[in-house]
Structures are given as C-alpha cells and as structure tokens.
Amino acid sequence: MKTRTLLLLSVGTALMILLAGGVLLFQLSGQEDSTEATPIDAPTTVGDAEITVTGSSVADGTLRVDVEIGGVDDVDGIDQFALVTGDQRLEPLRSPEPGRCTEVTEQVQRCTVDFDVSASEGTSRVLVLRRGDEQATWRLDVSTGV
C-alpha cells in the first residue's frame with residue numbers, strides 16, 4: 001500500500017473514534033446522577049433480600065455495620081456487600097464470630113457485617129449491597145456511630 005492510502009485510513013479511523021466518543025458523551029449526559037443513599041434505619045429491598053442498616057462503629061481497625069437482613073436463603077449473600085472508602089474497596093470479613101453475619105437466611109436476623117479498615121486511609125465510608133441488577137448504598141458516619 002502507498003503511504004498516502006495508509007495516512008487516509010488512519011485519519012478516517014481517528015474520525016470514527018472521535019465520532020463514537022462524541023456519541024457516548026451525549027448518551028452519558030442524558031443519564032441521571034448517582035443514586036441517593038438509603039437512610040440509616042430505613043428498611044429497603046435489594047433484589048430478593050430485605051435489609052435495614054441500623055448503625056456502625058469502629059473498634060481496633062474493624063468497622064462493624066449493624067444490620068437486619070433476611071428474605072432469602074443465600075449462604076454467599078454476605079459476599080455481595082462491599083465497603084467503599086476514599087482509597088479502596090473492601091470485602092466483608094467471613095470468619096465466624098459471635099454476632100457476625102455469615103449468610104443470609106429467609107428469616108430476618110440481626111447481625112453485623114464487619115470490614116477490616118486498618119489499612120484504609122480514606123475517611124469516607126459507603127456500604128454497598130448489590131443483588132442481581134439492584135443496588136443500595138448507605139453513607140456511614142462512623143464518627144457519630146451511625
């Protein structure tokens with residue numbers, strides 16, 4: 001191929017990429033902003049699970065989130081929680097401990113979902129639960145224990 005042909009092909013490709021980026025930007029501008037956080041002590045349904053976050057506290061590098069959760073039998077249901085801090089995304093602690101959630105059951109249970117925040121330098125704490133296509137978030141203010 002001639003150099004001129006290659007240059008024209010590269011310019012055409014660059015224009016198509018630019019056009020696709022413009023279309024994507026236009027699509028994103030029409031979307032709603034982020035979802036509102038679920039209030040503490042407000043019952044909500046996420047997918048097939050019913051959950052109420054009642055409070056949170058930090059002790060010895062562990063963030064303990066008090067929840068009431070149930071509505072479905074799911075032995076891996078706790079794995080669908082995540083804690084987003086200013087600098088990382090944390091998974092819940094799974095080791096059995098008195099009062100700690102280890103699974104979601106059909107009967108509503110009161111327990112805690114614990115996260116190791118000892119290595120996190122961020123001050124923001126957002127609890128996220130995702131089940132199927134649905135998601136709920138809670139902004140945790142650990143300074144006041146809520």
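All of the points below concern the structure found in this document. Worth saying up front: this structure is predicted, and the values here are computed from it rather than measured.

### A few points about the overall build of the protein
- Broken down by element type, the protein carries one helix and eight strands.
- Traced from its N-terminal end to its C-terminal end, the protein shows the element sequence α-β-β-β-β-β-β-β-β.
- A globule of 146 residues ought to have a C-alpha radius of gyration of about 15 Å, yet the protein, at 22 Å, is considerably larger.
- When the backbone C-alpha atoms are referred to their principal axes, the protein occupies close to 75 × 35 × 25 Å.
- Relative to its full complement of 146 residues, the protein shows a buried share of 31%.
- Contacts in the protein between residues at least 24 apart in sequence constitute 60% of all its contacts with a sequence separation of at least 6.
- Counting every atom, the protein has about 9,400 Å² of accessible surface; 54% of that belongs to carbon and sulfur.

### Regarding the sheet that holds strand E6 (residues 109–116)
- The strand order across the open sheet built from four strands is E1-E2-E3-E6, with neighbouring strands paired in antiparallel fashion. Unpaired on one side and paired on the other, strand E1 (44–46) and E6 mark the two borders of the sheet. Averaged over all pairs of adjacent strands, the angle between their axes in this sheet comes to 40°, without regard to strand direction.
- Both E1 and strand E2 (residues 49–59) contribute to a ladder of three bridges, which runs antiparallel. Following the sheet pairing, Thr44 is matched in E2 by Ile51.

### Details of a nonpolar patch on the surface
- On the surface, Met1, Leu6 and Leu9 cluster together into a nonpolar patch covering about 370 Å² of accessible area.
- Looking at where Leu6 falls in the secondary structure, it is placed in helix H1 (residues 3–29).
- Of the residues examined, Leu6 reaches a relative accessible area of 48% and is grouped as partly exposed.

Calculation criteria
Residues numbered from 1 in each chain as written. Predicted model: local features only at pLDDT ≥ 70, side-chain atom pairs only at ≥ 80, totals over all residues. Heavy atoms only, no water. Helix = DSSP H or I, 4+ residues; strand = E, 2+ residues; numbered from the N terminus. Rg over C-alpha atoms; globule rule 2.2 N^0.38 Å. Buried < 20%, exposed > 50% of the residue type's maximum accessible area, 1.4 Å probe, protein only. Contact = heavy atoms within 4.5 Å. Areas by Shrake-Rupley, 256 points an atom, 1.4 Å probe, with all protein chains shown as cover. Pairing = 2+ DSSP bridges. Axes fitted to C-alpha atoms, helices over the stretch in contact; angles between N-to-C directions. Patch = residues over 30% accessible without salt bridge, like charges linked within 9 Å, V, L, I, M, F, W, Y side chains within 5 Å. Salt bridge = Lys/Arg side-chain N within 4 Å of Asp/Glu carboxyl O.

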